[in-house]
Structure formats: structure tokens, C-alpha cells
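# Coordinate analysis (summary)
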Amino acid sequence: MKAIVFDEVGGPDVLRLGEVPKPDVRPGMVLIKVHAIGVNFADTRFRQGTYVAKPKLPDTPGMEASGVVEAVGDGVTGFAPGMRVAAFTVKGYAEYCQAPASMVIPLPDFVGFVDGAAFPIQVLTAYHLLHTADTTGPGKTVLVHSAAGGVGIVAVQLAKVAGARVFGTVGDDAKRALVQQHGADAVINYTTQKFADEVLRLTDGRGVDLILDAVGKPTFEEGLRCLANLGHLILYGRAGGPTDPLNIATLSAKSQKVSGFMVPTVTRNFPEKTRESSERCFALMREGRLKLHIGKTFALAEAADAHRFLEGRQSTGKLVLLP
Ligand SMILES: NC(=O)c1ccc[n+]([C@@H]2O[C@H](COP(=O)([O-])OP(=O)(O)OC[C@H]3O[C@@H](n4cnc5c(N)ncnc54)[C@H](OP(=O)(O)O)[C@@H]3O)[C@@H](O)[C@H]2O)c1
């Protein structure tokens, strides 16, 4: 089968379209004929060899995909060939991929394969940041960094659905309108404005209750400056580089909380939470209250271009590859 392969870690140019054996379905696993593949920022880190999971060269990137069940392994119940699904997977930039049954999500009829491929990581990360790692709701104010991005644009919408006041940051004025259209109460360009000053102005000096930060070094310390009393900053990525070490004592004056988050903690260990949150988010999509913004699609063979686009901070919403 065709797959994107890299033989060495490095820039986008290391990605090439190659031929690899179609996987045999293993016990407990579901084999999927892939129709669409979600591109994640973490894929670019995996390709560089700087992600938590290291490539075993030659390797294939890809953490989520949608498609049709081709076969199920021994012991799998609830899935059968022909079912439309999305999944958390590995080596997803390919014509077929495998996933443990607990990491496979049946797709409702109204969700197409492209939205299906955009669903597992960006939607469930945003949902569990807001409702598992924190409990946001009416009366709370949330700041979402990189709010036009894959996770960010979903987080803005889900925080609004929860009843929160929502501010978003973007790295480019061209992304402002998109974030506003998805419900943000204010959008700040954090490359031209001091976002903490703007947040303090918007909240009459109080600050925000929750900050979703996957940028890291450029935003973390300023975030603490505009975090309210008892506020919570969740650091769930580091697109802009790792943060400096934190002296926890500095959090005491305002009783602030800083935590980390990785969505696999939920999806691997709490399958019932994955099921419940997927159903809730599909219901919001059906009601038109959650829209998945697909910024651009690329052919599978153009995976390197998709990575350049994402790393160049040009993308909005989700990038999807089509095999
Ligand atoms: N912990 C988890 O479970 C989890 C799950 C999914 C994603 N994440 C993290 O969440 C973040 C967003 O992921 P995504 O896949 O949805 O990507 P994305 O937000 O669509 O794209 C990354 C965005 O990060 C911003 N950014 C800031 N500094 C950057 C830099 N130096 N280089 C490149 N981009 C930079 C850019 O937006 P602006 O310029 O507008 O800020 C860029 O568009 C990533 O850090 C990712 O690792 C974590």
C-alpha cells in the first residue's frame, strides 16, 4: 500500500510517498481502509524526532484517520467490516491503518470522512481541557491561545457552548475574523499586542479563570500575569518552545494552578469518557453549535507541503490529507 515514509528525522523534505506492506489485523485491533487523515502539529515534532514518541526509522507519521472498517482482529466486539469510523492510530499517513478497538469511534451518518479525520484529536483535546482537566462554565472567562488553530478553534466554540466568556489569541491579523466568527468575545494578535495587558483591560484588572496554552515559552509567563485569583493555566503543548522552569512558590500569591494535559491520558485510560465526550460533541455538531473548520486539504503525496504550511503558522483549523 502507499504511505508517507521518512528514513531520517528532519524538515518536511524527509517525507516521501513510498510502498509499505499493508498491516495484518492483530488481536484486539481494527483495520481501517483510510479515507481521510488528520494532520496534527505533533506530526511535525514526530518527523523531527522531538515528540515524546520517537520514530523507529523508517517510519510513517499519523495519529488520526477516518475510513471504513476492513477487518477486525480476534476479540473485537462492536465493530464489523463496512462500518464508518474515525480512530486514534499510529502510522496513519497511509492507505490502511490499525487501531485498538477502544480507540475507534463510530462515525454518525451526518459526519463525512474529512470532518471525521478532524475529530478525534482536536475535538476531544479541546473538550477534555475544558471539561475534564478543568470545569469551565457560566461566569468563567477563558483565554485560548492559537485560537484559529486546530484545537484552538474547537476550544473557542466549546467554551462558548459551556457558557464562558472567551478570548482568543492569534499570531496574524488575517486569522482574527475567523475566530470571531466562531464565537470569541475578543481576539488579540499576540505578536503585535501585549496579550496580558489586553486581557487585564478586558476584565477590569481581574484576569481570566482558565488559560489553554499550547504555545509555551512566548506565552506562559505573561499568561500567569493575567490569570485571575484561583485561576488555572493548562499547558498542553509547546509550539513556540519549552517554558522556563517554574518556581511554584510564585503561584501562591493569587492561589493559581498550573497543570499539564495530554489527551491520550483520557483516551487510553478512560474509554467511557471517550465515548461520552464523542457523543456529546457529535450532538453539538448535529445541532450546528460546533463546526469543524477544515482549513485546507492536501493529497497524501503532498504531506510535506501540509507540514510546511502548518509549521509556517499559515494554517487555520484542521489540515487533512486525502489518500
Ligand atoms: N496535549 C495534547 O493532548 C495535545 C493534543 C493536540 C494538540 N496539542 C498541541 O496543541 C497545539 C496545537 O495543535 P494543532 O495540531 O491544533 O496545531 P495548530 O494550532 O493548528 O497549529 C499550530 C499553531 O501554533 C501557533 N504557533 C505558535 N508558535 C508557533 C511556532 N513557533 N511555530 C509554529 N506554530 C506556532 C500557530 O498559530 P498562531 O501563530 O496563530 O498562534 C500555529 O498555527 C500544538 O502545540 C500541539 O502540540 C496537544
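In this text, all values refer to a predicted model and were calculated from it rather than measured experimentally. (Residues numbered from 1 in each chain as written. Predicted model: local features only at pLDDT ≥ 70, side-chain atom pairs only at ≥ 80, totals over all residues. Heavy atoms only, no water.)

## Here we look at the site of the ligand
Basically, it comes down to this: For this description, a residue counts as near a given molecule or strand if any of its non-hydrogen atoms is within 4 Å of it. Whenever a nitrogen or oxygen atom comes within 3.5 Å of another N or O atom, the pair is scored as a polar contact, on the condition that within protein one atom can donate a hydrogen and the other can accept it, and that pairs from neighbouring residues in sequence are kept only if both atoms are in side chains. In these tables, accessible area is a Shrake-Rupley quantity obtained with a 1.4 Å probe, and a residue counts as shielded only by the protein chains included in the view. Domain extents, as shown, originate in an automatic or database domain assignment.
In the vicinity of the ligand there are 26 residues, among which Gly171, Tyr190, Tyr236, Phe261 and Val263 approach most closely. Note that an oxygen atom of the ligand is positioned 2.9 Å from one of the backbone N or O atoms of Phe41. A distance of 2.8 Å separates a nitrogen atom of the ligand from a polar atom in the backbone of Tyr236. Protein coverage of the free-state accessible area of the ligand, which is 900 Å², stands at 89%. Counting contributing residues per domain, the shell around the ligand is built from domain 1 (2–119 + 292–322) and domain 2 (123–264), each supplying no fewer than three.

## Here's the deal with the pattern of salt bridges
Close approach of charged atoms allows side chains of opposite charge to pair. The cut-off we apply is this: Basic side-chain nitrogens of Lys or Arg form a salt bridge, by our definition, when they fall within 4 Å of a carboxyl oxygen of Asp or Glu. Every helix listed is a DSSP run of H or I at least four residues long, and every strand listed is a run of E at least two residues long, numbered separately from the N terminus. Accessible area is worked out with a 1.4 Å probe on protein chains only. A residue is then buried under 20% of its type maximum, exposed over 50%, and partly exposed in between.
Taken as a whole and judged by the stated rule, the model has 16 salt bridges. Across the salt bridge formed by Asp197 and Arg225, the nearest N and O atoms sit 2.9 Å from each other. Within this pair, whereas Asp197 is found in helix 6 (residues 195–202), its partner Arg225 is found in helix 7 (residues 220–225), the two being separated by 28 residues in sequence. Using a relative accessible area of 39% as the deciding quantity, one classes Asp197 as partly exposed. Assessed through its relative accessible area of 34%, Arg225 is described here as partly exposed. Glu222 is paired through a salt bridge with Arg225; the nearest N and O atoms lie 2.8 Å apart. With Glu222 and Arg225 both in helix 7 and 3 residues apart, the pair spans about one turn of that helix. One continuous salt-bridge network, built from bridges that share partners, spans Asp13, Asp305 and Arg308.

Take it as geometry only, folks, not as evidence of what the structure does.
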